[in-house]
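Topology and contacts: notes
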Amino acid sequence: MSDLPILFKDFHEIESRPNFDTNCEITISNFALLLGEYNFSNEVICQVLKQDGKCGHKHKYGWLARTHDGTEGLIGNHCASKYFQANANFALEKNRVRKEININENLEKLAILLNN
């Protein structure tokens, strides 16, 4: 099992990860799992590889993914819907990540209430 999924709020949280690679190209065939969801105030570049090359679309919302070789890259929200939504593994991963992030957020809120 992987580490708990993270809701990333700043790109520096992702770019400082040892396996994150700005040259990573993510496809349905090399997609292994999602490590978290991100929601940034600044735009980042999508790393999905399409038939005509790497997407390169700028976006603020999306997913941090790991490929089968362990490299990490970004899947923009639009490309996730367009290229990965029909993929059963991606759909399961998206649901798992969102569920675990929500559980973690609720546990943190509960801990604050208990401490008060």
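Quick summary incoming for the structure in this document.

Calculation criteria
- Residues numbered from 1 in each chain as written.
- Predicted model: local features only at pLDDT ≥ 70, side-chain atom pairs only at ≥ 80, totals over all residues.
- Heavy atoms only, no water.
- Pairing = 2+ DSSP bridges.
- Helix = DSSP H or I, 4+ residues; strand = E, 2+ residues; numbered from the N terminus.
- Salt bridge = Lys/Arg side-chain N within 4 Å of Asp/Glu carboxyl O.
- Buried < 20%, exposed > 50% of the residue type's maximum accessible area, 1.4 Å probe, protein only.

Across a regular strand the side chains alternate sides, sitting on one face of the sheet and then on the other. Here strand β2 (residues 31-45) runs beside strand β5 (residues 58-67); their pairing, made up of nine bridges, is antiparallel. Bridging from a neighbouring strand, Ile45 pairs with Lys58 of β5. Inspection of the sheet shows β5 paired to strand β6 (residues 72-76) by five bridges, in the antiparallel sense. Counted as the bridge partner of Trp63 is Ile75 from β6. From the end of β5 to the start of β6, which pair antiparallel, there are four residues, and Gly70 there has a positive phi angle of about 95 degrees.

Our focus in this paragraph is the pattern of salt bridges. Evaluation of the coordinates by the stated rule reveals five salt bridges. In this structure, Glu100 engages Arg96 in a salt bridge whose closest nitrogen and oxygen atoms are separated by 3.7 Å. Remark: Arg96 and Glu100 occur in helix α3 (residues 88-115); sequence separation between them is four residues, near one turn of the helix. The pair Glu100 / Arg96 is uniform in exposure class, with both members buried. By sharing partners, the salt bridges in this structure join Arg17, Arg66 and Glu72 into a single network.

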